[in-house]
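Chain and residue survey
Each chain, letter by letter, is given below.
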Amino acid sequence: MNISPITLSGRHVELRPLSLEDVTALCTVGLDEDLWRWIPTQVRNRDEMERYVRTALTEQREGRALPFVILALPDRDVAGSTRYANIDHPNRHLEIGWTWVARPWRRTAVNTEAKLLLLTHAFETLGCERVEFKTDRLNEQSRAALLRIGATEEGVFRHHVLTQSGRWRDSVYFSILAQDWPSVREALERKVRV
């Protein structure tokens, strides 16, 4: 898997490599407390957003992540962020996560097409065998969204992460395997066309 910065484009969204120059635009749409409710680390101000971006870029330099900024088309407005993470080269799998989409673009094609672009690149270019996702057990909306895109719920890691608030998060794991990808892709393409 040769994972390097790339821009992925669709009809509704463009994913381009995240940079420090994105901090201001991400703050404009991303300091909504509701966005960070189920995320272990909170982002409440510019300093925390900059730390969030710097951490993602450090993980990219270390070969553990590939972060993107989400641009809503046609205007290329910054709508959020997502990334490949927990990259496991020998076993050909990675995670899609750290995804957040600002309020104006929720319940639109933005997140669905972002997932379609990331999954297509992962399976068809990078040669992944497995793509995984995880979410907070309490985040029913995210769990339903992952099932809706065709991921399979695998199980719960109890007390998986200690959140910034001091609460132990139980994480629910989901996956899509290479053998699942053709039918998942077909369903996602239909959703994006609607």
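So, here's what we can say about the structure. Keep in mind the model is a prediction, meaning the values are calculated, not measured.

Analysis parameters
Residues numbered from 1 in each chain as written. Predicted model: local features only at pLDDT ≥ 70, side-chain atom pairs only at ≥ 80, totals over all residues. Heavy atoms only, no water. Axes fitted to C-alpha atoms, helices over the stretch in contact; angles between N-to-C directions. Helix = DSSP H or I, 4+ residues; strand = E, 2+ residues; numbered from the N terminus. Parallel < 35°, antiparallel > 145°, perpendicular 65-115°, else oblique. Left-handed = near helix turned anticlockwise from the far one by under 90°. Contact = heavy atoms within 4.5 Å. Nonpolar A, V, L, I, M, F, W, Y, C, P; charged D, E, K, R; others polar. 1 Å grid on protein atoms, 1.4 Å probe; cavity = no way out; pocket = protein on both sides within 12 Å on 5 of 7 lines; lining within 4 Å. Points joined across faces, edges and corners; volume = space filled by probe spheres on them. Salt bridge = Lys/Arg side-chain N within 4 Å of Asp/Glu carboxyl O. Buried < 20%, exposed > 50% of the residue type's maximum accessible area, 1.4 Å probe, protein only. Pairing = 2+ DSSP bridges. Core = buried A, V, L, I, M, F, W, Y, C linked by side-chain atoms within 4.5 Å.

Two elements in contact, helix α3 (residues 109–125) and helix α5 (residues 181–193), have axes whose closest approach is 10 Å; the angle formed by their N-to-C orientations is 150°. It follows that α3 is roughly antiparallel to α5 by the angle criterion. In this structure, α3 crosses over α5, and the sense of that crossing is left-handed. The segment α3 lies against α5, with T112, E113, L116, L119, T120, F123 and E124 engaging W181, R185, L188, E189, K191 and V192. Across the contact of α3 with α5, the residue classes break down as 6 nonpolar, 2 polar and 5 charged.

As a further point, take the layout of surface pockets. Over the atoms a probe the size of a water molecule is rolled, and this reveals where empty space is left. Volume-wise, the largest pocket comes out at about 1,500 Å³. Contributing to the lining of the largest pocket are 49 residues, with I39, T99, W100, N139 and S142 lying nearest its centre. Sorting elements by how many residues they give to the lining of the largest pocket places strand β5 (residues 93–101) first, with 7 residues. Residues belonging to the lining of the largest pocket are distributed by class as follows: 19 nonpolar, 14 polar and 16 charged.

Our focus in this paragraph is the packing of helix α1 (residues 23–30) against helix α2 (residues 46–61). Packing of α1 against α2 leaves a shortest axis separation of 10 Å and a crossing angle of 120°. Between α1 and α2, the crossing angle belongs to the class labelled oblique. Relative to α2, the crossing made by α1 is right-handed. On α2, the residues touching V23, T24, L26, C27 and G30 of α1 are R46, M49, E50 and V53. Taken together, the residues of the contact of α1 with α2 sort by class into 5 nonpolar, 2 polar and 2 charged.

Before going further, it helps to spend a moment on the pattern of salt bridges. All told, the structure shown has 21 salt bridges when counted by the stated rule. For D22, the salt bridge identified is with R16, shortest N-O distance 2.6 Å. By relative accessible area, D22 is classed as buried at 5%. Between R167 and D136 there is a salt bridge, with the nearest N and O atoms lying 2.4 Å from each other. You can see R167 sitting in the loop between β7 (152–162) and β8 (168–177) and its partner D136 sitting in strand β6 (residues 130–136), a full 31 residues away along the chain. Overlapping salt bridges bring together D32, D34, R103 and R106 as one network.

Now for the sheet that holds strand β3 (residues 65–72). An order of β1-β2-β3-β4-β5-β6-β8-β7 is seen for the 8 strands of this open sheet, with the pairing classed as mixed. Sheet topology places β1 (8–9) and β7 at the edges, where each strand pairs with a single neighbour. Docked against the sheet, α3 engages β1, β2 (13–17), β3, β4 (77–88), β5, β6 and β8, running at close to 160° with respect to β5.

So, about the pairing of β2. Direction of pairing for β1 relative to β2: antiparallel, over a ladder of 2 bridges. Among the inter-strand pairings, S9 is bridged to a residue of β2, identified as E14. The antiparallel pairing of β1 with β2 creates a hairpin that spans 3 residues between the two strands. Pairing of β2 with β3, which is carried by 5 bridges, proceeds in the antiparallel orientation. Its bridge partner being in β3, V13 is matched across the sheet by A72.

Nonpolar side chains tend toward joint burial in soluble globular proteins. Within the largest apolar cluster, 55 residues are counted, with the highest numbers of intra-cluster contacts made by L15, M49, Y84, L94, L119, V131 and F133. Counting residues per element, this core draws most heavily on α3, which supplies 8 residues. With sequence-adjacent residues up to four places away left out, V131 is seen in contact with L94, I96, L119, A122, F123, F174, S175 and I176.

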